[in-house]
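Structure at a glance
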There are 2 protein chains.
Amino acid sequence: MTEGVEWALHSCLNLTWSEPGQAVSAARLAAFYQLPTAYLNKQLQALVRAGILSSTSGPRGGFRLARAAEAITVLDVVVAIEGPEEAFRCEQILRQGPGGRGDVDYRQVCLVSQTMRRADLAWRRELAGQTLADLRATVQQRYPDTPGNTRDRFTAPLT
Amino acid sequence: MTEGVEWALHSCLNLTWSEPGQAVSAARLAAFYQLPTAYLNKQLQALVRAGILSSTSGPRGGFRLARAAEAITVLDVVVAIEGPEEAFRCEQILRQGPGGRGDVDYRQVCLVSQTMRRADLAWRRELAGQTLADLRATVQQRYPDTPGNTRDRFTAPLT
DNA sequence: GCGCCTTTACTCGGATAAGTAATGTCCGAGTCTGTCAGG
DNA sequence: CCTGACAGACTCGGACATTACTTATCCGAGTAAAGGCGC
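For the structure given in this document, a descriptive report is provided here.

So, how was this worked out
Residues numbered from 1 in each chain as written. Chains lettered and ligands numbered in written order. Predicted model: local features only at pLDDT ≥ 70, side-chain atom pairs only at ≥ 80, totals over all residues. Heavy atoms only, no water. Phe/Tyr/Trp six-rings, centres within 6.5 Å; stacked < 30°, edge-to-face > 60°. Lys NZ or Arg CZ within 6 Å of the ring centre and 35° of its normal. Near = heavy atom within 4 Å. Polar contact = N/O pair within 3.5 Å; in protein donor to acceptor, adjacent residues only side chain to side chain. Helix = DSSP H or I, 4+ residues; strand = E, 2+ residues; numbered from the N terminus. Nonpolar A, V, L, I, M, F, W, Y, C, P; charged D, E, K, R; others polar. Contact = heavy atoms within 4.5 Å. Buried area = accessible area lost by both parts, 1.4 Å probe.

**Topic: the packing of aromatic side chains**
Tallied over the full model, the rule gives six aromatic pairs over all chains. Members of the aromatic cluster, each reached through a chain of ring pairs, are F32, Y33 and F154 of chain A. Directly above the aromatic system of F32 of chain B lies the positively charged group of R153 of chain B, at a separation of 5.4 Å from the ring centroid.

**Description of the protein's contact with DNA strand D**
The environment of DNA strand D is made up of 24 residues, and the closest members are A26, Q45, S55 and F63 of chain A together with T2 of chain B. Protein-proximal atoms of DNA strand D, defined as those within 4 Å of the protein, fall in sugar or phosphate at a share of 63%. A distance of 3.2 Å separates a sugar or linking oxygen of DNA strand D from a polar atom in the backbone of G58 of chain A. A distance of 3.3 Å separates a phosphate oxygen of DNA strand D from a polar backbone atom of E3 of chain B. Contributing elements (two or more residues each) for the surface near DNA strand D: α3 (37-49), β1 (53-56) and β2 (62-65) of chain A together with α3 (37-49) of chain B. Along the lines of polarity and charge, the residues of the surface near DNA strand D split into eight nonpolar, twelve polar and four charged.

**Focus on the interface of chain A and chain B**
With 44 residues of chain A at the contact, the number on the chain B side is 44 residues. Taking both sides of the interface into account, the surface hidden between chain A and chain B amounts to around 4,000 Å²; carbon and sulfur atoms contribute 70%. At the surface where chain A touches chain B, the tally comes to six residue pairs in polar contact (both at pLDDT 80 or more). Secondary structure elements with two or more residues in the side of chain A that touches chain B: α1 (4-15), α2 (26-33), α4 (74-82), α6 (111-128) and α7 (132-142) of chain A. For the side of chain A that touches chain B, the residue count by class is 27 nonpolar, eight polar and nine charged.

**A closer look at the protein's contact with DNA strand C**
In the vicinity of DNA strand C lie 22 residues, with T2 of chain A together with A26, Q45, S55 and F63 of chain B positioned nearest. Within the side chain of N41 of chain B, a nitrogen or oxygen atom sits 3.1 Å from a base nitrogen of DNA strand C. R49 of chain B places a polar side-chain atom, nitrogen or oxygen, 3.3 Å from a phosphate oxygen of DNA strand C. Looking at the surface near DNA strand C, the elements that each hand over two or more residues are α3 of chain A together with α3, β1 (53-56) and β2 (62-65) of chain B. It is α3 of chain B that contributes the most residues to the surface near DNA strand C, three residues altogether. Its residues assigned to classes, the surface near DNA strand C comprises eight nonpolar, eleven polar and three charged.

Read these as layout, nothing more, since geometry by itself doesn't imply function.
Right, here's the structure in full:
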């Protein structure tokens, strides 16, 4: 799995604490963890295309959550970065095997494929059960200073 | 996920039907699905290193299951090919963040990491719940000719 | 006829290239803001 | 003093290198079997 998933999740979580209506630039988000700004920007673009973030150009521009944190699951973010296809891609090698037929969709029939798909669904179910709001709530409860500190970082000069 | 997983799973399943004590060469296993022999051989080597298969050199040599099909889970095969590390690797970017401490293992503390780990465990649990014997039994029940056909292919000349 | 040695062919195993995707970087298009001039 | 146009700077967005990894291939070491030779 690509590294951008970690960046995207933490960045989205940070955006959770931004003032409503306030956009945060990619440079500020990158400064949090000393990430390469341009590359993080690339990941954020993917989140915009997925409808998770909205972007604004120009001064005071940047990114913000496109919808409420309660309506954004961890799976949404992962899918936006990694793409919708599942990790195991069935190449239907059974078609080349003995008795293999070209008119059969072995992604549905093949037991190996089914097993892998079932595991993939379990994985997705876990990730879909956690929203950004859940993460935010737990972090706030455990580290009460985080919301304030994050907001300060969003408004402080970049150095 | 790499393509070799699919090859390895189908090859192991085929080996399930080989006569006890009979080894099957990589060339024969590759011929099943018209796979590149040398590359499949590479994957099989990984299975040998993982203790799933045992190999024999020389004429009448090849691969066979190192233990009973009941004792080989799908997860075993996947781990042998893909490696033991989980898909999401936490780079602990929180260390570079505000209040980040170098003496904390954020792979344990970070909520994002915990969420991804929980999903990974669910995925592994599914795969660990299926053994090669389970797959074999279902295939045999659904296609009763498969065991015989497979054995025939293992003994027939290679053309 | 039987046993041993040699040769032969077959197998795995690791070392070595080619192709592809992830990672990282750069510059241009668009836009908002702040300023300055004019009424 | 207010309004409007303009210049400037900041931001995203996509196009372009670089690196790592997957995929693919090749040749050598080892081994078991088969055949021939001697006893």
